[in-house]
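In case you want the letters, here they are:
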Amino acid sequence: MAKVLIVDDSRVYRYSLRKLVTDWGHEVLIAKNGEQAIEVALEHKPELILMDIVMPGMNGYQAKRALARNEATSGIPVIFVSTRSEETDRIWGLRQGAAAYVTKPVKPEILESAILEAVAA
């Protein structure tokens, strides 16, 4: 299965996402913010990143753009996982180059489908 980096400033969401993703057989890496996400991605080369948007410091959009600009991380698909649930948020996230946009609270079947699709692409 895939090596998945989970990026979220919420301990509760990091825990719940980790549990789901590991239950599906994936290896999990964790970052608490956008800056850590870039560091972990550069060091461990995950096959997929699940990224929150609203985080202190570098937000998810900024981190996604930074990853896209770096040749070493530009090919890693990012799925935004966010409480921002307006259609404009989803459209903006996809315009940032996200492979998918999943809203919190996460419906496991939707997230699993998005992960499988992103890893297969």
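The structure this text deals with has already been given above.
Residues numbered from 1 in each chain as written. Predicted model: local features only at pLDDT ≥ 70, side-chain atom pairs only at ≥ 80, totals over all residues. Heavy atoms only, no water.

Chemist: Kindly report on the packing of aromatic side chains, identifying the contributing residues and their values.
Modeler: Under the counting rule described, the total for this entry stands at three aromatic pairs. When the ring of Y61 is compared with that of W92, the centres are 6.4 Å apart and the planes differ by 85°; the resulting orientation is edge-to-face. Of the two residues, Y61 sits in helix α3 (residues 60–69) while W92 sits in helix α4 (residues 87–95), which places them 31 residues apart along the sequence. You can call Y61 buried: its relative accessible area is 8%. In this structure W92 comes out as partly exposed when scored by relative accessible area, which is 41%. Members of the aromatic cluster, joined through ring pairs, are Y61, F80, W92 and Y101. When the ring centre of Y13 is taken as reference, the NZ or CZ atom of K104 above it lies at 4.1 Å. (Phe/Tyr/Trp six-rings, centres within 6.5 Å; stacked < 30°, edge-to-face > 60°. Helix = DSSP H or I, 4+ residues; strand = E, 2+ residues; numbered from the N terminus. Buried < 20%, exposed > 50% of the residue type's maximum accessible area, 1.4 Å probe, protein only. Lys NZ or Arg CZ within 6 Å of the ring centre and 35° of its normal.)

Chemist: Which residues make up the environment of M58, and what values do they have?
Modeler: Positionally, M58 belongs in the loop between β3 (48–51) and α3. M58 sits 37 residues away from R95 along the chain, and the two C-alpha atoms are 18 Å apart. Among residues more than four places away in sequence, those in contact with M58 are G34, E35, I38 and A63. (Contact = heavy atoms within 4.5 Å.)

Chemist: Now, about the environment of A114: what can you tell me, with residues and values included?
Modeler: Mapping A114 onto the fold places it in helix α5 (residues 108–120). The class for A114 is buried, based on a relative accessible area of 13%. For the pair A114 and A100, spaced 14 residues apart in the sequence, the C-alpha separation amounts to 6.4 Å. With residues up to four places along the chain from it excluded, the contact list for A114 reads I79, A100 and V102.

Everything listed here is a matter of coordinates, which is why it stays silent on function.
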